[in-house]
Amino acid sequence: MDFYFAPLACSMATRIAFAEAGGAVNWIEIDPTNKKVLATGEDYLAINPLGMVPALRTDDGEVLTENAAILQYVADRFPGAGLAPPASDAIGRARLQQWLSFIGAELHKGLMIPLLDRKTQRK
């Protein structure tokens, strides 16, 4: 699997999930400004037309985007790591989706934008 990420982006959550799961993955860093793969100069927009990270290319060539979807895929791919309730636990999976949605839509912008805003950076 190939995992496309940028430092200080929400892709960090999936990097942590892979580490917890012990999953084998190729880490591919993206320059978020020019949308290029840092190591090769490859056009990242050819992989993810939206140009956002994270993206995951699975072993069978499928490309997944959006952190919540990728996190659930990693949890399902490595069930022994206990990263998510099993698929048979409908309410547990719904609660997982609930929290991932909250983090992505509300907490992420409410916390990260002020934290990383240039106006709040020391000079």
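Residues numbered from 1 in each chain as written. Predicted model: local features only at pLDDT ≥ 70, side-chain atom pairs only at ≥ 80, totals over all residues. Heavy atoms only, no water.

## Re the packing of aromatic side chains
For the coordinates displayed, the defined rule picks out 7 aromatic pairs. Relative to tyrosine 44, the ring of tyrosine 4 has its centre 5.6 Å away and its plane inclined at 45°; by these criteria the two rings are tilted. Linking tyrosine 4 in strand S1 (residues 2-5) with tyrosine 44 in the loop between strand S3 (36-37) and strand S4 (55-57), this pair joins segments that are 40 residues apart in sequence. The same class applies to tyrosine 4 and to tyrosine 44, which are both buried. Look at phenylalanine 18 and tryptophan 27: their rings are 5.9 Å apart centre to centre, the planes differ by 90°, and that puts the pair in the edge-to-face class. For phenylalanine 18, a relative accessible area of 1% puts it in the buried group. Three or more aromatic residues joined by ring pairs form one cluster here, namely Phe3, Phe5, Phe18, Trp27 and Phe78. Positioned over the ring face of phenylalanine 5 is arginine 15, at 4.2 Å from the centre of the ring. (Phe/Tyr/Trp six-rings, centres within 6.5 Å; stacked < 30°, edge-to-face > 60°. Helix = DSSP H or I, 4+ residues; strand = E, 2+ residues; numbered from the N terminus. Buried < 20%, exposed > 50% of the residue type's maximum accessible area, 1.4 Å probe, protein only. Lys NZ or Arg CZ within 6 Å of the ring centre and 35° of its normal.)

## Structural notes on the nonpolar core
The nonpolar side chains of a soluble globular protein tend to be buried with one another. Counting residues in each nonpolar core, the largest one holds 14 residues, and the members touching the most others are Met1, Phe3, Phe18, Leu56, Val74 and Phe78. Of all the secondary structure elements, the ones that give two or more residues to this core are S1, helix H1 (11-21), helix H2 (67-77) and helix H3 (90-116). In this structure methionine 1 touches Phe18, Ala24, Val25, Asn26, Leu56, Arg57, Thr58, Asp59, Tyr73, Arg77 and Phe78, once residues within four positions along its chain are discounted. Core analysis: the second largest hydrophobic core is formed by 9 residues, Ile28, Val37, Tyr44 and Ala55 among them. (Core = buried A, V, L, I, M, F, W, Y, C linked by side-chain atoms within 4.5 Å. Contact = heavy atoms within 4.5 Å.)

## Brief notes about the pairing of strand S2 (residues 26-31)
Summarising the sheet, S1 and S2 pair through 4 bridges and their orientation is parallel. Across the sheet, residue phenylalanine 5 finds its bridge partner in S2, namely glutamate 29. Handedness of the S1-H1-S2 crossover: right-handed. By the bridge criterion, 2 bridges tie S2 to S3 in an arrangement that is antiparallel. Note on S3: the bridge partner recorded for aspartate 31 is lysine 36. The turn linking S2 back onto S3 is made up of 4 residues, and lysine 35 within it adopts a positive phi angle of 60°. (Pairing = 2+ DSSP bridges. Right-handed = clockwise from strand over helix to strand, strands pointing away.)

## Focus on the environment of glycine 80
Residue placement: glycine 80 occurs in the loop between H2 and H3. Each C-alpha atom of the pair glycine 80 and alanine 21 lies 7.7 Å from the other, and the pair is 59 residues apart in sequence.

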